[in-house]
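Architecture at a glance
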Amino acid sequence: MHRIGVVGPSESVDRILEVANEYEHEIKFIPFPYEESREAKLIVEEHHHEVNGWFFSGPIPYNMAKKVLGPNADYVYSPNTGSSLYRCLLQLFHHHEQALQGISIDMIETEDISESLNELEIPIRDLYVELFDEEYNPQELVQFHLQLWKDGKTKGALTTLSSVYHALKNEGVPVFRIFITKMEIRQALKIIIEKVKSSYFKDTQIGVEIIEFTQYEQIAEKVQTRVQLQQLELRIKQTLLHLCEKLDGSFMEIGDGRYQIFSSRGAIEREIDMLQSSVQQLILDAGVPVAVGIGFGETASSAEMNAYKAVQFSKEKANHGISIVQEDGTIIESVGQDEELAYAYRSHDKGLLEKLHQANINIKTYSKIEALIHRMGWEGFTTADLASHLSMTKRNAQRIVASLCEFGLAEIDGEESHSTRGRPSKIYRLTK
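Predicted, not measured: the structure shown is a model, and the values here were computed from it. (Residues numbered from 1 in each chain as written. Predicted model: local features only at pLDDT ≥ 70, side-chain atom pairs only at ≥ 80, totals over all residues. Heavy atoms only, no water.)

Across the protein, the average pLDDT comes to 84, with 89% of residues at or above 70. Across the protein, element-level confidence peaks in strand β9 (residues 206-213) with a mean pLDDT of 94 and bottoms out in helix α5 (residues 114-120) with 62. (pLDDT = per-residue confidence, 0-100. Helix = DSSP H or I, 4+ residues; strand = E, 2+ residues; numbered from the N terminus.)

Ranked by internal contacts, the top residues of the largest apolar core, which has 31 residues, are Leu356, Tyr366, Ile369, Phe381, Leu386, Leu404 and Leu430. Here this core takes 6 residues from helix α15 (residues 363-376), the largest share from any one element. Setting aside chain neighbours within four positions, we find Leu386 in contact with Ile369, Leu372, Trp378, Phe381, Ser391, Met392, Ala397 and Val401. Membership of the second largest hydrophobic core comes to 29 residues, among which are Ala267, Leu282, Val292 and Val335. (Core = buried A, V, L, I, M, F, W, Y, C linked by side-chain atoms within 4.5 Å. Buried < 20%, exposed > 50% of the residue type's maximum accessible area, 1.4 Å probe, protein only. Contact = heavy atoms within 4.5 Å.)

Taken in spatial order, the 4 strands line up as β2-β1-β3-β4 in an open sheet, and their pairing is parallel. Strand pairing shows two members of the sheet lacking a second neighbour, β2 (27-34) and β4 (75-77), which therefore form its edges. On average, each strand axis in the sheet is tilted by 20° relative to the strand beside it, whichever way the strands run. Relative to strand β1 (residues 2-9), helix α1 (residues 10-20) is tilted by about 145°, and along the sheet it contacts β1, β2 and β3 (53-56). This element, helix α2 (residues 39-47), spans β1, β2 and β3 of the sheet and lies at about 135° to β2. (Pairing = 2+ DSSP bridges. Axes fitted to C-alpha atoms, helices over the stretch in contact; angles between N-to-C directions.)

What follows covers a nonpolar patch on the surface. On the surface, Met252, Ile254 and Tyr308 cluster together to form a nonpolar patch covering roughly 250 Å² of accessible area. Relative to the assigned elements, Ile254 resides in strand β10 (residues 250-255). Its relative accessible area of 37% is what places Ile254 among the partly exposed residues. (Patch = residues over 30% accessible without salt bridge, like charges linked within 9 Å, V, L, I, M, F, W, Y side chains within 5 Å. Areas by Shrake-Rupley, 256 points an atom, 1.4 Å probe, with all protein chains shown as cover. Salt bridge = Lys/Arg side-chain N within 4 Å of Asp/Glu carboxyl O.)

Pairing in this open sheet of 7 strands is mixed, and the strands run β10-β11-β9-β12-β13-β14-β15 from one edge to the other. Looking along the sheet, the strands with just one partner apiece sit at the ends: β10 and β15 (341-344). Taken pair by pair, the neighbouring strands of this sheet meet at an average axis angle of 20°, ignoring direction. Of the strands in this sheet, β9, β10 and β11 (258-264) are in contact with helix α10 (residues 226-247), which crosses β11 at around 10°. Set on the sheet, helix α12 (residues 272-286) makes contact with β9, β12 (290-297) and β13 (321-325); between it and β12 the angle comes to about 150°.

Under the criterion given, the structure shown has 9 aromatic pairs. Here Tyr62 and Tyr77 contribute two aromatic rings whose centre-to-centre distance is 4.7 Å and whose plane-to-plane angle is 55°, an arrangement assigned as tilted. With Tyr62 in helix α3 (residues 59-65) and Tyr77 in strand β4, this pair connects stretches of sequence that are 15 residues apart. Following the ring pairs from residue to residue traces out a cluster consisting of Phe32, Trp54, Phe56, Tyr62, Tyr75 and Tyr77. Seen from the ring of Tyr136, Arg38 lies directly overhead, with NZ or CZ sitting 5.7 Å from the centre. (Phe/Tyr/Trp six-rings, centres within 6.5 Å; stacked < 30°, edge-to-face > 60°. Lys NZ or Arg CZ within 6 Å of the ring centre and 35° of its normal.)

Right, let's talk about the layout of surface pockets for a bit. The computed volume of the second largest pocket comes to approximately 590 Å³. Lining the second largest pocket are 32 residues, and of these Pro9, Ser12, Thr160, Leu161 and Arg177 sit closest to its centre. Of the residues assigned to the lining of the second largest pocket, the class counts are 14 nonpolar, 12 polar and 6 charged. (1 Å grid on protein atoms, 1.4 Å probe; cavity = no way out; pocket = protein on both sides within 12 Å on 5 of 7 lines; lining within 4 Å. Points joined across faces, edges and corners; volume = space filled by probe spheres on them. Nonpolar A, V, L, I, M, F, W, Y, C, P; charged D, E, K, R; others polar.)

So, on to the side chain of Ser314. Assignment of secondary structure puts Ser314 in helix α13 (residues 300-316). The class of Ser314 is buried, set by a relative accessible area of 0%. Excluding residues within four positions of it along the chain, Ser314 makes contact with Ala291, Val292, His320, Gly321 and Ser323.

For α15, spanning 14 residues, the distance from its first C-alpha to its last is 20 Å, which sits close to the expected 20 Å at 1.5 Å a residue. Taken together, the buried positions of α15 are Ile363, Lys364, Tyr366, Ser367, Lys368, Ile369, Ala371, Leu372 and Ile373. Remark: Gly377 follows α15 within two positions and exhibits a positive phi of approximately 70°. (Expected span 1.5 Å × (residues − 1).)

Burial of β15 is one-sided: the residues Leu341 and Tyr343 facing one way are buried, the residues Ala342 and Ala344 facing the other way are not. Across 4 bridges, strand β14 (residues 330-333) lies against β15 in antiparallel orientation. Paired with Glu333 across the two strands is Leu341, which belongs to β15.

So, on to the environment of Arg270. One can find Arg270 in helix α11 (residues 265-270). Since its relative accessible area comes to 56%, Arg270 is described here as exposed. C-alpha separation for the pair Arg270 and Leu247, spaced 23 residues apart in sequence, amounts to 8.7 Å.

Time to look at the environment of Leu161. Tracing the chain through its elements places Leu161 in the loop between β7 (156-159) and α7 (162-170). Its relative accessible area of 9% is what places Leu161 among the buried residues. Expressed as a C-alpha distance, the spacing of Leu161 and Leu141, which sit 20 residues apart in the sequence, is 9.4 Å. If we skip the residues at most four places from it in the chain, Leu161 touches Ile60, Asp106, Phe132, Tyr136, Leu141 and Arg177.

To continue, consider α7. Residues Ser162, Val164, Tyr165 and Leu168 constitute the buried set of α7. The buried residues of α7 occupy an angular sector of 165° when the element is viewed end-on, so they sit on one face. Gly172 lies just past α7 and shows a positive phi near 85°. (Arc of directions from axis to C-beta.)

Structurally, His2 can be placed in strand β1. Overall, His2 belongs to the buried group, its relative accessible area being 15%. If near-sequence neighbours (up to four positions away) are discounted, His2 is found in contact with Glu26, Ile27, Lys28, Asn52, Val196, Lys197 and Tyr200.

This is the structure:
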C-alpha cells in the first residue's frame, strides 16, 4: 500500500483527509498537522523515509518543504483555482445582503487572484489585497485587516491563514477563511496518487550497470608481474562488489575489463553518488579511463540492451562519465554532474526526420543540441558554443549548423563581435 503524508494546519489536514477517505483502499494517508508553517520543513526531514509522497495544504508549506525534498521526490499542493475565493465572496455577500464592496484579502504572492476576480465579471469596489511570502508575520497581516475595518474602509476580510482568521474573529471582524474546496483537494489528490504509482513502477524497473575500462590492455602493460595484475583485479572486484552490495544487486564479470551489475532502477538512482565515487576509485587504482552505461527497462533483456547503448555513448565522450538510456529512449549524459544533459534519440515527427535525413544529421545530434540550448537558456548560439559544450571540433559544429540552416531547421539570428581581430561570429537559433 502506498503511503502519502498530508501536511498543513489541523483544520486543512482534517479537510483533506475527509476527501482522501475515498481512496482509503488503495492509498494510506498519514496526517502531519502543524501549528506554524515553518514546521513543514522539519516534518519532511524527519518523516521522508516513512512515505512515498507528500500532499501539502497550500503553497506556504509546499515552498518550505521543497527546500529539503530531493529532485526525485513526489509532492503536490492544492493550488487556488478560484473556487475557494468565490465561496468566501458568496459567504460575505450573504452576510451583508448587499453589493460586494469594502473587502480586504491576504494571499501568498505566488497565488494570482486577479484572474479569478476578473472572471467574476462583478465589480468589487474598495478591494484591498495584501500579498505575503513564506517569511510572513501573522500579526502584521492581522493589523492590515483590522485597521481597514476600524477605519470603515472595509466591511469584511478574507484570509488564507488560520491564525489570522481566529485573531480577527476575536476582534469582531466579519472574516471568512479561504479554504481549499473539496473539488480542488480531489484534483490534487489524483495528481499525487498518479505520481506515487508512476514512481513505484519506475522504481521497480530492472536496471543494469556496465562498467568498462576503455584502455584495458594498458593495465597489463603498467604492472610488472602477474601477481601485481591479480592484486589489481582483486581491488577492482572489491570496489565493484561493495557497490553491488549497496545496490542489492547481482555482479557479473564479462571479461576484457568489462563488468555488469543487475539491480533495480530505484536502487541505482539512489546510489548515483556511490557509483561516481566507485568509478573514481577504479580510475585511481587502474590508471585508465572508465566508461559507465546504465540501462533501464521492463525486462532484463531490454535493460541490458539499453546499458550497452549507454556505455557506447559514454565512450564517445572525451571524459567518458556516466550515461543512462531509459526505457522510453531518453539519453542522459554526464549523470550527476553540472553538465548533465537529457535528450531523446527517437522521434515520431516525420517532417523533422525527413529534414534531418536530407541534412545528413541524426535525431540524436539534433536532440542533443536542442537539449543543450534549453539547459543553458540560450536565446541564440554560435558554432563555438556547440563545439565547446558538446565535445566536438569547431569544423564539425560548423558543418552541422550549416546543414540545419540549409534545410530550414536553423537560421542566422545575429552576430557576435570580438574584441580581438577577426570576423564577428554568427549567432544562430533553431527554428523548429
